[in-house]
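Structure assessment
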Amino acid sequence: MSDVEIIGKLELVNINTPDGDFGFIVGTDGFFTDVNGKNWFGSQLIKAGRVEQSVNGIAPAGELSMSFFQDPDAPDLIGQVKSLGNDYINGRLVTFYVQPITDPSELYNPKLPPELLMTRVMRTLKYSTSGAQSREIAITFESVFENRRRARRLVYNTVDHSKLIGRINPSLEFIPTVDFQEQKLFD
């Protein structure tokens, strides 16, 4: 594939729910069927923010959101999603892909499969309203360093070393326990 010139890419995101997988094109209107036969629905109203890293006290997270205008004659979409609750998505996967495009005709008849970019675990649903009809629904998901907060607190000894490798290893029995120097290495 290195000799193929990529002229563009579609950002794709797949949301796994108890009702099945749903594929979306981020930030672009349209409909796309990939080489595997999966359908992806696009909208300029769908956006994926940057995935934050755990730096300077910021909790690692990312967000996928959809903005829309609520039709007063249609059922309340936020109310319907709220009735599902956070358990509907919490712990389920959100998967991000990029679809390489080598020719404009591939928007209708792709030749290459989507490439996996990252997989994250969804956590919560958020809602916001602005004005009479403007609404937003967002899904938060873990960052690449989510598990850093659950770091194992192990001591550098034979007992904790055996927990890491899954068997007893007496090699750390002879590790120095003090910084005592009998003589200087350099004068």
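These notes cover the structure that comes with them.

Quick notes on the rules
Residues numbered from 1 in each chain as written. Predicted model: local features only at pLDDT ≥ 70, side-chain atom pairs only at ≥ 80, totals over all residues. Heavy atoms only, no water. Pairing = 2+ DSSP bridges. Helix = DSSP H or I, 4+ residues; strand = E, 2+ residues; numbered from the N terminus. Axes fitted to C-alpha atoms, helices over the stretch in contact; angles between N-to-C directions. Contact = heavy atoms within 4.5 Å. Polar contact = N/O pair within 3.5 Å; in protein donor to acceptor, adjacent residues only side chain to side chain. Salt bridge = Lys/Arg side-chain N within 4 Å of Asp/Glu carboxyl O.

1. Side note on the sheet that holds strand 9 (residues 134-141)
- Taken in spatial order, the nine strands of this open sheet run 3-4-2-1-7-8-9-6-5, and their pairing is mixed. In the strand order of this sheet, the two ends are held by strand 3 (30-33) and strand 5 (46-48), each with one partner. With strand direction ignored, the average angle separating the axes of adjacent strands in the sheet is 30°.
- Pairing between strand 2 (residues 20-26) and strand 4 (residues 39-43): four bridges, direction parallel. By the bridge assignment, Phe 24 is partnered in strand 4 with Phe 41.
- Set on the sheet, helix 1 (residues 77-84) makes contact with strand 6 (62-69), strand 8 (115-130) and strand 9; between it and strand 8 the angle comes to about 115°.

2. A word on the environment of Ser 67
- Within the secondary structure, Ser 67 sits in strand 6.
- A sequence separation of 23 residues divides Ser 67 from Gln 44, and the C-alpha atoms of the two residues are 8.9 Å apart.
- Every residue in contact with Ser 67, bar those within four places of it in the chain, is listed here: Leu 45, Arg 135 and Glu 136.
- Side chain to side chain, Ser 67 and Glu 136 meet in a polar contact 3.1 Å long.

3. A few points about the pattern of salt bridges
- Inspection of the entire model under this criterion finds two salt bridges.
- The residue Glu 136 makes a salt bridge to Lys 47 at a minimum N-O spacing of 3.8 Å. Taken together, the positions of Glu 136 in strand 9 and Lys 47 in strand 5 put the pair 89 residues apart, joining distant regions of the chain.
- Where Lys 126 meets Glu 63, a salt bridge forms, and the shortest distance between an N and an O atom there is 2.7 Å. With a gap of 63 residues between them, Lys 126 in strand 8 and Glu 63 in strand 6 connect regions that are remote in the sequence.

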